[in-house]
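Working through the structure, step by step
Spelled out from the first residue to the last, the chains are:
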Amino acid sequence: MKAKWFSPAQRLFLMALLLAVVACDGKKEGEKTTENKDTASVASRVDAPAPESDTKTIYGVSDEFGMSTFTLVDDAGRTYELSRTAEDGTYGCFYGDVVEGARYALTLSPDSTAVGVAYNLTQLEKFTKDYYIVDGQLVLTSGDSPEVVQVETLNDRSFQAKGKGGKLYQMGESSTRKTEK
């Protein structure tokens, strides 16, 4: 029996998907990282920004998109046709699935031509409504005080994020409890 291999189009799609998953850390290719560079993962509960300080987040609904593009129609009706990679080579980071018609909160790259960070709010709100987003940082508000978190998983089945102090927020199918101290 002859083994079936992926067609060239399927291989291209899988390579692009793998590249998007690997590139989601927001770094340029070959960029060296240092400890505590990611502000979303190092901000403490006390330092969580206030929702009023947000100057960069755009809210809207996704429209058409391709493997390297993303279109968002914001709440005011403006259309943003964006690349997923900025001109300087920095990859945009998507938390959650990229789905046409889903609601998103996103920031733009420094050159305003590409996605900086995008959160699928349609998926996030299946698990929590106790949050806000400030300049690309997700802040969970359930509990004693707001906490900036780094999203580890967001899809239709589960949401998992980690706060600075190591607190793990797990919601959905794969979790047995909502939060862990």
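Below, the structure is looked at part by part. (Residues numbered from 1 in each chain as written. Predicted model: local features only at pLDDT ≥ 70, side-chain atom pairs only at ≥ 80, totals over all residues. Heavy atoms only, no water.)

1. Things to note about the pairing of strand S8 (residues 137–140)
The cut-off we apply is this: Relative accessible area decides the class of each residue, using a 1.4 Å probe on protein chains only: under 20% of the type maximum gives buried, over 50% gives exposed, and in between gives partly exposed. Here a helix means four or more residues in a row that DSSP labels H or I, a strand means two or more in a row labelled E, and each is numbered from the N terminus. One bridge is not enough; two strands pair if DSSP finds at least two bridges between them.
With burial as the criterion, each face of S8 is covered, one bearing Gln137 and Val139 and the other bearing Leu138 and Leu140. In terms of strand pairing, strand S7 (residues 131–134) meets S8 through four bridges, oriented antiparallel. Bridging across to S8, valine 134 finds its partner in glutamine 137. What sits between the antiparallel neighbours S7 and S8 is a turn of two residues, in which aspartate 135 has the positive phi angle 45°. Where S8 folds back onto strand S9 (residues 147–154) in an antiparallel hairpin, the turn is made up of six residues, including glycine 143, whose phi is positive at roughly 110°.

2. With respect to the side chain of threonine 107
Rule in force here: The contact criterion used throughout is that any non-hydrogen atoms of two residues lie within 4.5 Å.
Residue placement: threonine 107 occurs in strand S5 (residues 103–108). Residue classification places threonine 107 among the buried positions, given a relative accessible area of 7%. Every residue in contact with threonine 107, bar those within four places of it in the chain, is listed here: Lys56, Thr57, Ala114, Val115, Gly116, Val117, Asp135 and Gly136.

3. Thoughts on the packing of aromatic side chains
Test applied: Between 30 and 60 degrees the pair is tilted, below 30 it is stacked and above 60 it is edge-to-face, where a pair is any two Phe, Tyr or Trp rings, Trp via its six-membered ring, whose centres lie within 6.5 Å.
The full count for this structure, using the stated rule, is three aromatic pairs. Residues phenylalanine 70 and phenylalanine 94 carry aromatic rings whose centres are separated by 5.2 Å and whose planes lie at 65° to one another, so their mutual orientation is edge-to-face. Here phenylalanine 94 lies in strand S4 (residues 93–95) and phenylalanine 70 lies in strand S2 (residues 69–74), a separation of 24 residues in the sequence. For phenylalanine 70, a relative accessible area of 0% translates into the label buried. Between phenylalanine 70 and tyrosine 104 the ring centres are 5.2 Å apart and the planes differ by 80°, which places this aromatic pair in the edge-to-face class.

4. Digging into the nonpolar core
Stated precisely, the cut-off is as follows: The criterion is simple. A nonpolar core is a set of buried Ala, Val, Leu, Ile, Met, Phe, Trp, Tyr and Cys residues joined through side-chain atoms within 4.5 Å.
Residues Leu138 and Phe159 are the most contacted members of the largest nonpolar core, which totals 18 residues. Contributing elements (two or more residues each) for this core: S4, helix H3 (121–124), S7, S8, S9, strand S10 (158–163) and strand S11 (168–172). The element best represented in this core is S9, accounting for three residues. By size, the runner-up hydrophobic cluster in this structure holds eleven residues, among which are Tyr80, Phe94, Tyr104 and Leu106.

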